[in-house]
Amino acid sequence: AGFGAGLGLALASSAFIGGSFVLKKKGLLRLCGRARAGQGGHAYLREWLWWAGLLCMGVGEAANFAAYAFAPATLVTPLGALSVLVSAVLSSIFLNEQLNVHGKIGCILSILGSTVMVIHAPQEEEVSSLESMAEKLKDPGFIVFAVCVLVSSLLLIFVAGPRYGQSNVLVYVLVCSAIGSLSVSCVKGLGIALKELFSGKPVLKEPLGWVLLVCLAICISIQINYLNKALDIFSTSVVTPIYYVLFTTAVMMCSAILFKEWQHMVLDNIIGSISGFLTIVSGIFLLHAFRDMPFTPSLLPLFLQPGRAQPHPPWSSADRHQSCQHQPLLPSEDKGSQSEEEEE
């Protein structure tokens, strides 16, 4: 019963999160004549469709958080990739966004690569209290990682954003993914605080819980702002898979540094992680490099094109031509005279 509940929550989470991208994109498209999110405007806050998308995303994230209490992480996390498929299907229905064959193959490869990486990832180290979480946050490796994330995000926002934000989808998506890795760490810390609160411990007096709550609010605000800019400028079918892949990779890196997940990896997990990462890179290349290339039946080989005659007649037909090896050696005049002699 618990496994079925976890599976159902994970599937519901993917459906809500995938639909939230389409609802928010639909709300952004209704901003006719008003300051759009791509130009730094916030008129989308007055659209009920955008708020409906935000509510769907909140419900999906809550369902995803609850699914970890019933089902193993190796089941729940890969199922989050289904939100990419949900978003692509709904975008083609409600937003008229076409995804060619290369994009579909890229989405599939990205999902498969992410799934392989999650399956072969080692289990995180147990953290059962806020005291142990505070010790993890003081680790020099995590401090260096957090500083790198903050510095790179500031460079992307203030340097790369004004120059390349309107033409390169990776600028704003990288900001969301990098900041999102820190938000997931805050969520895990708050989850530990809630467990201690329900067990009767005086968690409200601990300053770490409030610090994590404030950091989570700041990170989520930055993610929402720059994800809206990416969705307003680029196609949903392009933003969603790239955001999922980069966000998953950033979260796994942050968890590996914070919880020391990679210290006891065996060889098959190392090979699986590398293979999954290379598969993700291949999927992103197919999705991003060929997204504007039309795919028509004329690009198929001749024997696969519908309605085209075969380039060579079949060997079994009665009127096939004889090959040069079976032609008579005599000239045509000799052949004619030879046939007359045979008739006589």
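One structure accompanies this document, and this report is about it. Bear in mind the structure is a predicted one, so any value in this text is a computation, not a measurement.

Some thoughts on a nonpolar patch on the surface
Judged by side-chain polarity, Ile143, Val147, Val151, Leu154, Leu155, Phe158 and Val159 come together as a nonpolar surface patch covering roughly 650 Å² of accessible area. For isoleucine 143, a relative accessible area of 42% corresponds to the partly exposed category.

Observations concerning helix H7 (residues 140-164)
At leucine 156, H7 shows its maximal kink, close to 35 degrees. For H7, the capping residue at the N-terminal end is aspartate 139, with a side-chain oxygen 3.0 Å from the backbone nitrogen of glycine 141.

Looking at the packing of H7 against helix H8 (residues 170-198)
The geometry of H7 relative to H8 is characterised by a closest axis approach of 9 Å and an angle of 155 degrees between their N-to-C directions. Relative to H8, the element H7 is oriented roughly antiparallel. Between H7 and H8 lies a crossing whose hand is left-handed. The segment H7 lies against H8, with Phe142, Phe145, Ala146, Val149, Leu150, Ser153, Leu156, Ile157, Ala160, Gly161 and Tyr164 engaging Val171, Tyr172, Leu174, Val175, Ala178, Ile179, Ser181, Leu182 and Ser185. Partitioning the contact of H7 with H8 into residue classes produces 16 nonpolar, four polar and no charged.

Each value, and the rule that gives it
- Residues numbered from 1 in each chain as written.
- Predicted model: local features only at pLDDT ≥ 70, side-chain atom pairs only at ≥ 80, totals over all residues.
- Heavy atoms only, no water.
- Patch = residues over 30% accessible without salt bridge, like charges linked within 9 Å, V, L, I, M, F, W, Y side chains within 5 Å.
- Areas by Shrake-Rupley, 256 points an atom, 1.4 Å probe, with all protein chains shown as cover.
- Salt bridge = Lys/Arg side-chain N within 4 Å of Asp/Glu carboxyl O.
- Buried < 20%, exposed > 50% of the residue type's maximum accessible area, 1.4 Å probe, protein only.
- Bend = angle between axes of the 7 residues up to and from the residue.
- Helix = DSSP H or I, 4+ residues; strand = E, 2+ residues; numbered from the N terminus.
- Polar contact = N/O pair within 3.5 Å; in protein donor to acceptor, adjacent residues only side chain to side chain.
- Axes fitted to C-alpha atoms, helices over the stretch in contact; angles between N-to-C directions.
- Parallel < 35°, antiparallel > 145°, perpendicular 65-115°, else oblique.
- Left-handed = near helix turned anticlockwise from the far one by under 90°.
- Contact = heavy atoms within 4.5 Å.
- Nonpolar A, V, L, I, M, F, W, Y, C, P; charged D, E, K, R; others polar.

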